[in-house]
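A look at the structure
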Amino acid sequence: GDAVKTGKNSLAILRFPDKSTIRIEPNSLIEISSIVERVNNESLGSTSLILKAGRSVINIINKGQAPVFNIKTKNVAIGVRGTYFFAGIDEQSSDLDISVQKGEVEVARLDDAEIADSISAGKGVTLEKGQNFTQPQEYDWIKKVNFDASDKSVEPNYLSQHLENKRLEFR
């Protein structure tokens, strides 16, 4: 039920009991629904977050087959195994960008689970205006994403640079 909100020149880094890490970028809002528990070196349950605004880089440590980390936005559910990935919402267009550096994520629309896809390492998708996914591809903008969830540097222009790189590529 807690929420983490970052300001224009700030970020937050959360480390979870299973050693997964999330970097919440400037101007972002994330709600925490549940957190995985660690008992006798075993992970119990899963971590569930709601990305309401902004963007995050998530590094998940999971050696099992079942997803232990779930993220939702207004339109999409993202199921995660052992993965390094990025998820960001463009506040002007409401587009959701998801890219994966390592591992794989499963994405599905909340209103229609038939609209789903799997994104593997080096690829990304955009959910345009909350409706349709682009095909998973190796976009150039993915190469410019900082996937280190432990990086404490604050880059207030990162989102605008990311969005400009993406717009140039899609033009």
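Presented here is an overview of the structure given in this document. (Residues numbered from 1 in each chain as written. Predicted model: local features only at pLDDT ≥ 70, side-chain atom pairs only at ≥ 80, totals over all residues. Heavy atoms only, no water.)

**Concerning the environment of S118**
- Structurally, the position occupied by S118 is in strand β14 (residues 116-120).
- The spatial distance from the C-alpha of S118 to the C-alpha of Q135 is 9.8 Å, given a sequence separation of 17 residues.
- Residues in contact with S118, not counting those within four places in the same chain, are E104, V105, E106 and P136.
- Within polar-contact distance, the side chain of S118 engages the side chain of E104 at 3.0 Å.
- There is a polar contact of 3.3 Å between the side chain of S118 and the side chain of E106. (Helix = DSSP H or I, 4+ residues; strand = E, 2+ residues; numbered from the N terminus. Contact = heavy atoms within 4.5 Å. Polar contact = N/O pair within 3.5 Å; in protein donor to acceptor, adjacent residues only side chain to side chain.)

**Let's talk about unusual backbone geometry**
- With a phi angle near 55 degrees, N27 is a residue other than glycine that sits in the positive phi range.
- Within the secondary structure layout, N27 lies in the loop between β3 (21-24) and β4 (29-34).

**Section: the pattern of salt bridges**
- Applying the stated criterion to the full structure yields four salt bridges.
- Ionic pairing is found between R109 and D111, a salt bridge with its closest N-O pair at 2.8 Å.
- Residue class for R109 comes out buried when judged on its relative accessible area of 9%.
- Judged by relative accessible area, D111 falls into the exposed class, the value being 60%.
- In this structure, D140 engages K143 in a salt bridge whose closest nitrogen and oxygen atoms are separated by 3.3 Å.
- On the basis of relative accessibility, which here comes to 41%, the residue D140 falls in the partly exposed class.
- Its relative accessible area of 66% is what places K143 among the exposed residues. (Salt bridge = Lys/Arg side-chain N within 4 Å of Asp/Glu carboxyl O. Buried < 20%, exposed > 50% of the residue type's maximum accessible area, 1.4 Å probe, protein only.)

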